[in-house]
Amino acid sequence: MSTPIKVAVVYYSSTGTIAEVSKQIAQYAEKSGAEVRLRKVAELAPQEAIDANPAWAANAAATADVPEATPADIEWADAVIFGSPTRFGNIASQLKQFIDTLGGLWAQGKLADKVYSGFASSATMHGGQESTLLALYNSFHHFGGIVVAPGYTDPAKFADGNPYGTSHVDAQGNNPVDQTTREAARVQAERIVRITTALKAGLATA
């Protein structure tokens, strides 16, 4: 039996939407045969800001047992799937700060030749989900990574309509993660596992 590929799902979530999508992606990756690490990045906001928002405080409590990501998690992984809410069409500063800690691995060439993908959320329709993912993918090109987007490779992707990655419109918390988003997460996770497995097998026989 071949060794399972290793997938790191690394995310930032304030009020819980991305935390929920990350769990879906991690579960589908495991069902597809991967060894998975689910990790959140460190919070940068002050505690008083978190406490002032009930949804933010509730998510912080609900995910308290999720380990914080370290560069070692990225080095371990064959594939990395990053998740972030949209912040003015870009990724959240918390995720950006974590990516900026990967300079040492980058300098050693240890970020290259891995598979990378992403997922996002926004409060409104057309609220920057695609630009957030494209901005995230800029970093992957600098890594020398292999960007694997879901595309329209499954009928479920025509429902959520985002070929760049899984995305969800949460309407300021009024739209919980639904079946459309779960199906998009499934497509993305299964595709990441399938492509990464094929790449590893090809490298092993090259």
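Below is a short write-up of the structure. Source: prediction; values computed, not measured.

1. Here we look at the environment of Gly128
Looking at where Gly128 falls in the secondary structure, it is placed in the loop between strand E4 (115–122) and helix H7 (129–143). A relative accessible area of 16% places Gly128 in the buried class. Measuring from C-alpha to C-alpha, the distance between Gly128 and Ala62 comes to 27 Å, with 66 residues separating the pair along the chain. Setting aside anything within four residues of it in sequence, one finds Gly128 in contact with Thr86 and Gly89.

2. Here we look at the pairing of strand E3 (residues 79–85)
Across the seven residues of E3, seven count as buried, placing the element largely inside the fold. Residue alternation in E3 divides its side chains into two sets, Ala79, Ile81, Gly83 and Pro85 and Val80, Phe82 and Ser84, and both sets are buried. Summarising the sheet, strand E1 (residues 6–11) and E3 pair through five bridges and their orientation is parallel. Bridge pairing in E3 links Ala8 to Val80. Judged from the seven bridges that link them, E3 and E4 form a sheet pairing that is parallel. For Pro85, the partnering residue across the bridge sits in E4 and is Ser121.

3. Re the pattern of salt bridges
For the structure shown, the criterion picks out 10 salt bridges. A salt bridge links Glu183 to Arg186; the shortest N-O distance between them is 3.0 Å. Of this pair, Glu183 and Arg186 are both found in helix H9 (residues 179–205), three residues apart, which corresponds to roughly one turn of the helix. Its relative accessible area of 23% is what places Glu183 among the partly exposed residues. Here the residues in one salt-bridge network are Asp154, Glu183, Arg186 and Glu190, joined through shared partners.

4. Things to note about helix H1 (residues 17–31)
An α-helical turn contains 3.6 residues, so a residue and the one three or four places further along point in the same direction. When the terminal C-alpha atoms of H1 are compared, their 21 Å separation across 15 residues agrees well with the 21 Å that a helix rising 1.5 Å per residue should span. Inspection of H1 places Thr17, Ile18, Ala19, Val21, Ser22, Gln24, Ile25, Ala26, Tyr28 and Ala29 among the buried residues, and these make up the whole buried set.

5. Some remarks on the side chain of Asp78
Along the chain, Asp78 falls in the loop between helix H4 (71–76) and E3. On the basis of relative accessibility, which here comes to 18%, the residue Asp78 falls in the buried class. The residues contacting Asp78, other than those within four sequence positions of it, are Ile5, Lys6, Lys114, Val115, Thr196 and Lys200.

6. Notes on the packing of aromatic side chains
With the rule as written, the count across this model stands at six aromatic pairs. When the centroid spacing of 5.8 Å and the interplanar angle of 20 degrees are considered together, the rings of Phe82 and Phe140 count as stacked. Taken as a pair, Phe82 in strand E3 and Phe140 in helix H7 lie far apart in primary sequence, 58 residues in all. Through a chain of ring-to-ring contacts, three or more aromatic side chains come together here, namely Phe82, Tyr116, Tyr137, Phe140 and Phe143. In this arrangement the basic side chain of Arg37 is found over the ring face of Trp76, its NZ or CZ atom lying 4.1 Å from the centre.

7. Re the pairing of strand E2 (residues 35–40)
With six bridges connecting them, E1 and E2 associate as parallel partners. Bridge pairing in E2 links Ala8 to Arg37. As for the winding sense of the linkage, the β-α-β connection from E1 through H1 to E2 is right-handed.

Reading guide: rules and limits
- Residues numbered from 1 in each chain as written.
- Predicted model: local features only at pLDDT ≥ 70, side-chain atom pairs only at ≥ 80, totals over all residues.
- Heavy atoms only, no water.
- Helix = DSSP H or I, 4+ residues; strand = E, 2+ residues; numbered from the N terminus.
- Buried < 20%, exposed > 50% of the residue type's maximum accessible area, 1.4 Å probe, protein only.
- Contact = heavy atoms within 4.5 Å.
- Pairing = 2+ DSSP bridges.
- Salt bridge = Lys/Arg side-chain N within 4 Å of Asp/Glu carboxyl O.
- Expected span 1.5 Å × (residues − 1).
- Phe/Tyr/Trp six-rings, centres within 6.5 Å; stacked < 30°, edge-to-face > 60°.
- Lys NZ or Arg CZ within 6 Å of the ring centre and 35° of its normal.
- Right-handed = clockwise from strand over helix to strand, strands pointing away.

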